[in-house]
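# Observations on the three-dimensional arrangement
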Amino acid sequence: MNKYAIYLNSRRCIGCHGCELHCKTNKGLPVGPFLCEISHEPLKSVKGVPKTEFAFRSCRHCEDPFCVPVCPTGAMQKREDGIVFVEQEKCIGCMACAGACPWGIPQYNSESNKAVKCDYCMDRIDAGLKPACVTKCTTHALKLVTMQEL
Amino acid sequence: MRKSVWSMCGMCTVRCPIRVEVEDGAVKWIEGNQHLLKGALCAKGSAGPALVADQERPRQPLIRKGGRGAGRWEPVSWEFALDYVADKIRGIKERYGAQAILASSRGGPFQDVVKAFTHALGSPNYSNHDSSCGRNVHHASLSLFGLGRKGFIYDIKNARHLVLFGRNILASLRPAEVNQVMDMLDNGGRMTYVDVRQTLTGIKADNFFQVRPGTDYALALALIHELIKARAYDAGFVERYTTGFAELSAFVENCSAEWAAKECGVKEKNIHELVAQIGEDRPRVIFHPGWMLSRYRDSFYASRALNCLNALMGNIEIEGGLIFAKGPGDYGKKGVRSLADLSPKLTIPRADGVGEEYKHFEKGPGLFHLFYKAMATGKPYPIKGVICVRHDPFTCFPDPAAQKEALDNCDLLVSVDTHYSEFGWYSDVILPEATYLERDSMIAVQKGLKPRLIKRNKAIEPQSDTACLCTIIKGLARRLGLDEYFPFNNLQELWAWQLEPTGLGLQDFEQKGFVELAEKPVLFDREKLDGKFKTPSGKIEFSSQKLSECGFPSWKPYESPERPPKGQFRLVFGRSPIHAHGHTINNPLLNEMMPENSLWINSKAASRIGVNDGDMVDVSSGPVTSTVRARVTDFIHPEAVYTVHGFGRQIPLQTRAYHAGMSDQKLMVGQLQNMDPVGGGLNLCETFVSVRRSSKNPQRKVEL
Ligand code: SF4
Ligand code: SF4
Ligand code: SF4
């Protein structure tokens, strides 16, 4: 079973897109790939105030991922705790994973010529820390939840 | 091995406390200081390493070779550049006197060294960008409370209601403050937002007033009127600590909700509802008096009215209100030494006329735009040398073309900055400052509930031939025989000298990155606030003695703002959370997130001129035209068009930012001296522009 999920308290999110860059810079990514995304619906009037809610999107870490079996080198893997990640050494950058994923989650890193995707910052999790986006969210609107809590 | 360094962010002037992790001489991680920000940082804060790596910034001192602005530079050594600048300063000093030198820097804790240098030279002409930013708010606050705008901190977290007039607090953001706002909302606090358009802040508000541009003052006056009428104010506090309440009541006599509703184009019912809510929520209601409020010709009075509302609430020195910012002295502690205290006290008048012609303005940094008059006319005396430190007047102030004309009377223009500023590109010498991750800075005092000392430490060595500000100034001072005013050879010595009176040492900063000067926050006794208001009467002056002595009213009779002529719009501007004005537009990562701005235009107004969402439009004013993409939306007032400030840069070496988007200030033709005569701020939203569908929209598809 998947152990982790990232939850956005959209009441608290201010749409500053900080998380997207916190993620990118933690992974040292160049211009191009984004591993998470903040978006919102068009504004709608609620009691006279134009409002919208923000949504946070990154990899779903599917129970049964599409990207893992298509990977020709076994670089794309799913861990015990459910995290789907790319083992960089094995990746050849063929991007079959991105084609198989219905949401096109894996991205191409033009500097390393390999696939890159959200892995819940597993190196940080393994070190007892929180993912980059959660740690540095401007308003502490993002939380890493472990499934039992839900 | 990873090394951890406490420091301060420098991507914008909020200067958040940060912790940086470094490995093999490279920055690997930056987070907000856990003790103060619990890790939080904005997008810009994460983009620091991209600034360090950016090849499109000056990486060595440069001296101009061709004409000004031609972009031909000769890279030189620091020795050569500093000799060159010192020689020029010496020449100007001999010919015109030291007062012919003007130096300007960003305000805040690091201005000390620049101010000290200016005064040590013998010039009173130290300035900053504030006449295009917070001067109106500052002067309004002084006229009412006798304290400047930083004299209070806003305890937003504990407030029940936060009222914002155009203060887009969640987008033009300070992470610590943003968290206070969100905490307040989480605790059931209410927020009211007033603006000409909907914003990231407004979408979180309980009440939203989309007002006609330039009518904020009317709405503020109506709130005063209705709150007094409903007796929804703290009569005891008003009686005890204010003067001029009767005059204020008389002044707002005719400013009813009904009147303001018409004037602002909002519903009268909504104003009454807001008044009722304020009645419920007071005294813990904060009326934000504005941050950047150099906008309309009555912005000074609008800010003053908002602070009058704070006084009516009696929200001074209470939880959830305006709390006196406490310095080290308030806790019986000594602050750090300042270099400016060493330099000689000067009696020569300022060239901007502040203190002479303009007695009602606080001397402090004066008003930068007024120096252009001195340059152009030679009166009261000539200005011949301009040094701008991390301040880009061409981006801050209106009409760069007019600024250039005045600057052409100068013999020396120097830019000290981490990136090419538009001013720097036009200047004679660029002295490249190391980025904030590569430089140490002076120890700063931060006033607040609990005052603290904080320090920026360089995380990595400079990756290019750049230097920190203190070293640059020291280098110039040594060459000009001003060594005695700068008693240090390196930052270690400067810190030790600054800290001496405090009894603290550098080791005291190691644990948290700052030193707190108070254990527990203490509020002054609210029964004994006498003497805390530094006005002539010692009270909060609804009727200001100082203003009337200088021949100005304490409240200006309201004048309805002009409507734009047909086919024209009032140009307003603001900030996005991604960029810090012009400083970050060329940062590769921030540029990727927001490569250009757009022109917000009201849907109905757009359809009248045949503009669709996404069309390219030509925006023009006088001889200047910018072409930019239109963003057609219902959520802006039909009289206004809006854009994000800082774009439309014209520095060819900044390939990402070059001509990307439009620049509002270049369209403010003839507005350089359009100043609020009472507040001293520029009226930056008093320009009308024409908007047309551009011929750059493709009509045909010609492929081969
Ligand atoms: S968990 Fe890590 S990789 Fe995933 S979106 Fe957040 S920061 Fe990016
Ligand atoms: S950093 Fe936090 S507040 Fe900002 S957009 Fe991301 S989730 Fe929202
Ligand atoms: S607000 Fe953002 S850019 Fe400004 S100092 Fe803080 S983290 Fe840095």
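Keep in mind that this is a model prediction, so the values were computed, not measured.

Cut-offs and rules
Residues numbered from 1 in each chain as written. Chains lettered and ligands numbered in written order. Predicted model: local features only at pLDDT ≥ 70, side-chain atom pairs only at ≥ 80, totals over all residues. Heavy atoms only, no water. Contact = heavy atoms within 4.5 Å. Buried area = accessible area lost by both parts, 1.4 Å probe. Salt bridge = Lys/Arg side-chain N within 4 Å of Asp/Glu carboxyl O. Polar contact = N/O pair within 3.5 Å; in protein donor to acceptor, adjacent residues only side chain to side chain. Buried < 20%, exposed > 50% of the residue type's maximum accessible area, 1.4 Å probe, protein only. Helix = DSSP H or I, 4+ residues; strand = E, 2+ residues; numbered from the N terminus. Arc of directions from axis to C-beta. Domains from an automatic or database assignment. Core = buried A, V, L, I, M, F, W, Y, C linked by side-chain atoms within 4.5 Å. Axes fitted to C-alpha atoms, helices over the stretch in contact; angles between N-to-C directions. Parallel < 35°, antiparallel > 145°, perpendicular 65-115°, else oblique. Nonpolar A, V, L, I, M, F, W, Y, C, P; charged D, E, K, R; others polar.

Another aspect to go through is the interface of chain B and chain A. Much of the literature gives interface size as the accessible area that the parts lose upon coming together. With 39 residues of chain B in contact, the opposing surface of chain A contributes 34 residues. Of the roughly 2900 Å² buried between chain B and chain A on both sides combined, carbon and sulfur atoms contribute 61%. When the buried area of chain B at its contact with chain A is split by residue, Trp29, Ile203 and Glu592 of chain B rank highest and sum to 21% of it. Notably, a salt bridge pairs Lys24 of chain A with Glu592 of chain B, separated by 2.5 Å at the nearest N-O pair. Counting every contact that joins chain B to chain A gives 19 residue pairs in polar contact (both at pLDDT 80 or more).

Below, the discussion takes up helix α11 (residues 257–264) of chain B. Residue and element names in this part refer to chain B. Restricting attention to buried positions, one finds in α11 the residues Ala257, Ala260, Ala261, Glu263 and Cys264. Buried residues of α11 fall within an arc of 170° about the axis and therefore sit on the same side. On its buried face, α11 is in contact with β11 (207–210), α8 (216–229) and α12 (268–281). Two residues or fewer after α11 comes Gly265, characterised by a positive phi angle close to 75°.

The next thing to look at is the domain arrangement of chain B. Residue and element names in this part refer to chain B. Per the domain assignment, the segments making up chain B are domain 1 (72–132 + 346–440 + 466–491), domain 2 (152–324) and domain 3 (568–693). At the junction of the two partners, domain 2 supplies 20 residues and domain 3 supplies 23 residues. Between domain 2 and domain 3 lies a buried interface of about 1900 Å² when both sides are counted; carbon and sulfur atoms form 56% of it. For domain 2, the biggest contributors to the area lost against domain 3 are Arg197, Pro213 and Arg295; these three give 30% of the whole. For the pair domain 2 and domain 3, the number of links is 1 salt bridge.

A separate point is the nonpolar core. Counting residues in hydrophobic clusters, the biggest one holds 84 residues, and the most contacted among them are Ile224, Ile271, Ile316 and Phe542 of chain B. The residues contacting Ile224 of chain B, other than those within four sequence positions of it, are Leu248, Val252, Ala305, Cys308, Leu309 and Leu312 of chain B.

This part is about helix α19 (residues 491–499) of chain B. Along an α-helix, residues three or four apart share an orientation, since each turn contains 3.6 residues. Residue and element names in this part refer to chain B. Residues of α19 that are buried: Leu491, Leu494, Trp495, Trp497, Gln498 and Leu499. The elements touched by buried residues of α19 are β19 (452–454) and α18 (469–479). At the N-terminal boundary of α19, the capping side chain belongs to Asn490, with an oxygen 3.2 Å from the backbone nitrogen of Gln492.

Here we take up the packing of helix α5 (residues 112–121) of chain B against α18 of chain B. Residues and elements named next belong to chain B. Taken N-terminus to C-terminus, the directions of α5 and α18 make an angle of 10°; their axes are 10 Å apart at the nearest point. Taken together, the axes of α5 and α18 lie roughly parallel to each other. Contact residues: α5 offers Val113, Val114 and Phe117, while α18 offers Leu469, Cys470, Ile473, Leu476 and Ala477. Across the contact of α5 with α18, the residue classes break down as 8 nonpolar, no polar and no charged.

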